[in-house]
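One-letter residues, chain by chain:
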Amino acid sequence: MLNWNEIFSGLALAFAGFAYAFLVCFIFVANAPFWDTAIAIGGALVGTVATYWVLTSSLPSFWILALMFLSQAVVMGFLGGFLPEGIFPGSFLCAGNLALGITSRNTNFSQQKTLLILIVFMALFIPVWAADFLRRNAN
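Presented here is a report on the structure given in the accompanying data block. Computed from a predicted model, the values in this text were never measured in an experiment.

Attention now moves to a nonpolar patch on the surface. On the surface, Ile 39, Trp 53, Leu 59, Phe 62, Trp 63, Leu 67, Leu 70, Val 74 and Phe 78 cluster together into a nonpolar patch covering about 880 Å² of accessible area. Examining the composition of the nonpolar patch, we find that six residues originate from one element, helix α3 (residues 61-82), more than from any other. The residue Leu 70 is located in helix α3 in this model.

Structure representation (structure tokens):
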């Protein structure tokens, strides 16, 4: 039987998967040159890894929050500087990273199960948005 920790962890991972899938779809749909898109993706990946490391580290709470917000500011700068309307998906990335970090810190799930649930939700959301985008632009 599921307890409340597992239910809320699953919902938070579903939200993080939704946010990451939105970011992936936005980056590939944006009309930006290849190198701008590559730099934005690289910045998002580095910021996500840095945020995940900070949120799962054993630093004091103040330093965790300060470093998390600093890394997200850098990522939003990369996304905002290289993609059109990059601040909007940057806020989704920040929210997804925060949900993933808090969930991975306070859940009963193992890291493998957390990653599996996150990937399953991303795999569910990306085709839905891709099909919707193709349907709207088919006309």
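It is worth spelling out the packing of aromatic side chains at this point. With the rule as written, the count across this model stands at five aromatic pairs. With centroids separated by 5.3 Å and ring planes inclined at 80°, the aromatic side chains of Phe 18 and Phe 125 adopt a geometry described as edge-to-face. With a gap of 107 residues between them, Phe 18 in helix α1 (residues 4-29) and Phe 125 in helix α5 (residues 111-137) connect regions that are remote in the sequence. Since its relative accessible area comes to 27%, Phe 18 is described here as partly exposed. By way of ring pairs, the aromatic residues Phe 18, Phe 22, Phe 26, Phe 92 and Phe 125 are connected into one cluster.

On to the packing of α1 against α5. Orientation of α1 relative to α5, taken along the N-to-C sense of each, is 45°, at an axis distance of 7 Å. One way to sum up the angle between α1 and α5 is to call them oblique. Regarding α1 and α5, the two cross each other, and that crossing is right-handed. On α5, the residues touching Gly 10, Leu 13, Ala 14, Ala 16, Gly 17, Phe 18, Tyr 20, Ala 21, Phe 22, Val 24, Cys 25 and Val 29 of α1 are Thr 114, Ile 117, Leu 118, Phe 121, Met 122, Phe 125, Ile 126, Trp 129 and Phe 133.

Calculation rules
Residues numbered from 1 in each chain as written. Predicted model: local features only at pLDDT ≥ 70, side-chain atom pairs only at ≥ 80, totals over all residues. Heavy atoms only, no water. Patch = residues over 30% accessible without salt bridge, like charges linked within 9 Å, V, L, I, M, F, W, Y side chains within 5 Å. Areas by Shrake-Rupley, 256 points an atom, 1.4 Å probe, with all protein chains shown as cover. Salt bridge = Lys/Arg side-chain N within 4 Å of Asp/Glu carboxyl O. Helix = DSSP H or I, 4+ residues; strand = E, 2+ residues; numbered from the N terminus. Phe/Tyr/Trp six-rings, centres within 6.5 Å; stacked < 30°, edge-to-face > 60°. Buried < 20%, exposed > 50% of the residue type's maximum accessible area, 1.4 Å probe, protein only. Axes fitted to C-alpha atoms, helices over the stretch in contact; angles between N-to-C directions. Parallel < 35°, antiparallel > 145°, perpendicular 65-115°, else oblique. Left-handed = near helix turned anticlockwise from the far one by under 90°. Contact = heavy atoms within 4.5 Å.

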